[in-house]
Amino acid sequence: MGGPEYDCLINPLGAVRISFEKALSSGYNPASSVGKDWGVVDLFRHYLSDESAISQIPILDSSTIKWVQPKTLVRFRGMIQDMLGNEFYAGSYKDGSTWRTNKYSDVSQFPESSSSEMQVWERRLLYCVPVPGQNQWTECSSEELKNRFLNLTGQNREKRVRVDEEMTDSMESNTLEAGLNGSPFKKMKSGEGTSSASGSQVPGTNGAPQCSGILPATSKDSLSCLVKIYDSPESELKLNDVVEFLGVLTFDTNVMDMDSLDENSEDLSEAESVQMPPGKVPRLHCIIHRKLETQHFLHGSSLLTEPKSPQVFKEIRESLMKYLTSLLGNDHIAAQILLLHLLSKVNGRVDNVAVGKLSLNLIHLNKESMSIFGNQLSNALKSLLPFTQSIPLTIEYLNTASLGPNKDYRINRLVPGVLQIADGTHLILDETELQPGTLNSIGVGNATLLKNLLECQKVEYDFQYYKMEMATDVQMLIFSEGKSNIMPADLVLPFQPSQLNSLEIITPETAEAWRYYLATCKSLSHSIGQELQQVVENDLVEARQTDRSLGSQDLSSYGETTLSLEHWQMVLELERLRKERLK
């Protein structure tokens, strides 16, 4: 491969250098630009203008890190777990009469001459982890991509080495790890800058024995990544966003371990100062990024490109309903309400009310039935939804677990909690193992956190000197023998299976269709036609005293965006049947 494709994929820093030279010839002035983009972003956006081009770029994870090459273009998909503030670096310098740049690099090069002009630029640091609870079906198979990538790097390695040698030989250079004693590259302390950084931080991997940087819900062999952000407003990215970052990889497993460095040494980068040595946590210098929706995790589904009709949604819905009904022991009402629960999301907020959420409490489940139906349903949801988590509601767990993130000022980081999860996560809470006992202060705090999440869709972060609530959007399903007192759900439904069915074998094509259906219908906007507004209003006024909780989720289950009278009447009938079971 040659031309711009070669530069962007195999030698992105070469593409950066060439575009920098072109910008200089067009009047770009590094001395006054403050590091502003000179066309790199547009260059890479053009190269990566469609999904087929993006799919050629390796996804960085614990498997691919073994073979991807440093200084090549990679993708990292993950959740922003910590916002570490900003760091300064030698962005550009003059080599004789020629301006050069260190942008998108870890190591800053500059001539030894003290008279050399040098510009200090700034970038943001984000500590990112694989999305907690991310299920295996969302991950790409990288074997074929690996072979193509290694062939490509082998073909072009000699050319890239020659280019690098020419750049190195053109000057006598030093390396400056930003943070040299007495230099202008001393790092800003993370978390003490803007409110978006200081009030929205969570921890990352560190070398401490307690491993406080590993999110409880994340696999111990998962790969975290320190992402360096350029040319992006701070408001674009926030804590717990699920993002795909595309940029230049730097990773050196030969770097000395942090334990061998004197703790008072100032010859450390910002990343090292927060206990993330480059030999353990790769760096990705982000060129472009995009926030991910569930559709981005659907691989190769023809439904993503084929035109859809209400009939398509209806057929997929019918097959999924049949599957859920069989899974729930032929309890058709439970299957219908479960589907509405899976399609619910927070559409807006009025004061402390999260509009659109629909938590569900399935009752009459004991240890025996939970071991059958509960486990089957949990496994099914893992195969249908991108992010799922489970929490055992027992006295022992509540009294010992760390559910909410809290600030540790010794390392100036937030220690993550189990409830630091991404929007769109499905959370199962199993109360069937709950035995009589006493909650200690930790248990009371955890129960309060869970109840607040259920009722307001907010998680409290503890900064020692103050607390801050972070809005979230999590679907919550509670299994219990009687109505849960700890978790007062929006809907309580007695579970009434009539038989135990054998597990159905699901084809990959069917699973893809169901995933597409759930992701698409959940993202649809809702509206109520003018002719139906008065009907709905009258029904809701009449039902207000009966505490009806169902809303317009049912219309989205048919792939429609406008509520019809037929489907509204189905909602009313479903609610009537649910109430009958509670008598």
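Let us look at the structure shown here. Predicted model only: the values in this text are computed from it and were never measured.

**Quick look at the pattern of salt bridges**
Inference 1: Within this structure, the stated rule accounts for 22 salt bridges.
Inference 2: For Arg100, the salt bridge identified is with Asp95, shortest N-O distance 3.0 Å.
Inference 3: Classification of Arg100 as partly exposed rests on a relative accessible area of 21%.
Inference 4: The class of Asp95 is buried, set by a relative accessible area of 15%.
Inference 5: The salt bridge involving Lys291 is made with Asp241; its shortest N-O contact spans 3.2 Å. On the criterion of sequence distance, the pair formed by Lys291 in strand S8 (residues 283-291) and Asp241 in the loop between strand S6 (225-229) and strand S7 (242-250) is long-range, its members being 50 residues apart.
Inference 6: Since its relative accessible area comes to 39%, Lys291 is described here as partly exposed.
Inference 7: Through salt bridges with shared partners, a single network forms among Glu51, Arg75, Arg77, Glu244 and Arg290.

**A short note on the environment of Thr250**
Inference 1: Within the fold, Thr250 resides in strand S7.
Inference 2: According to the relative accessible area criterion, Thr250 is buried, its value standing at 15%.
Inference 3: Taking the C-alpha atoms as reference points, Thr250 and Leu284, separated by 34 residues in sequence, lie 6.3 Å from one another.
Inference 4: The residues contacting Thr250, other than those within four sequence positions of it, are Asp106, Pro282, Arg283 and His285.
Inference 5: Here the side chain of Thr250 touches Asp106 through a polar contact of 2.5 Å, side chain to side chain.

Criteria and thresholds
- Residues numbered from 1 in each chain as written.
- Predicted model: local features only at pLDDT ≥ 70, side-chain atom pairs only at ≥ 80, totals over all residues.
- Heavy atoms only, no water.
- Salt bridge = Lys/Arg side-chain N within 4 Å of Asp/Glu carboxyl O.
- Buried < 20%, exposed > 50% of the residue type's maximum accessible area, 1.4 Å probe, protein only.
- Helix = DSSP H or I, 4+ residues; strand = E, 2+ residues; numbered from the N terminus.
- Contact = heavy atoms within 4.5 Å.
- Polar contact = N/O pair within 3.5 Å; in protein donor to acceptor, adjacent residues only side chain to side chain.

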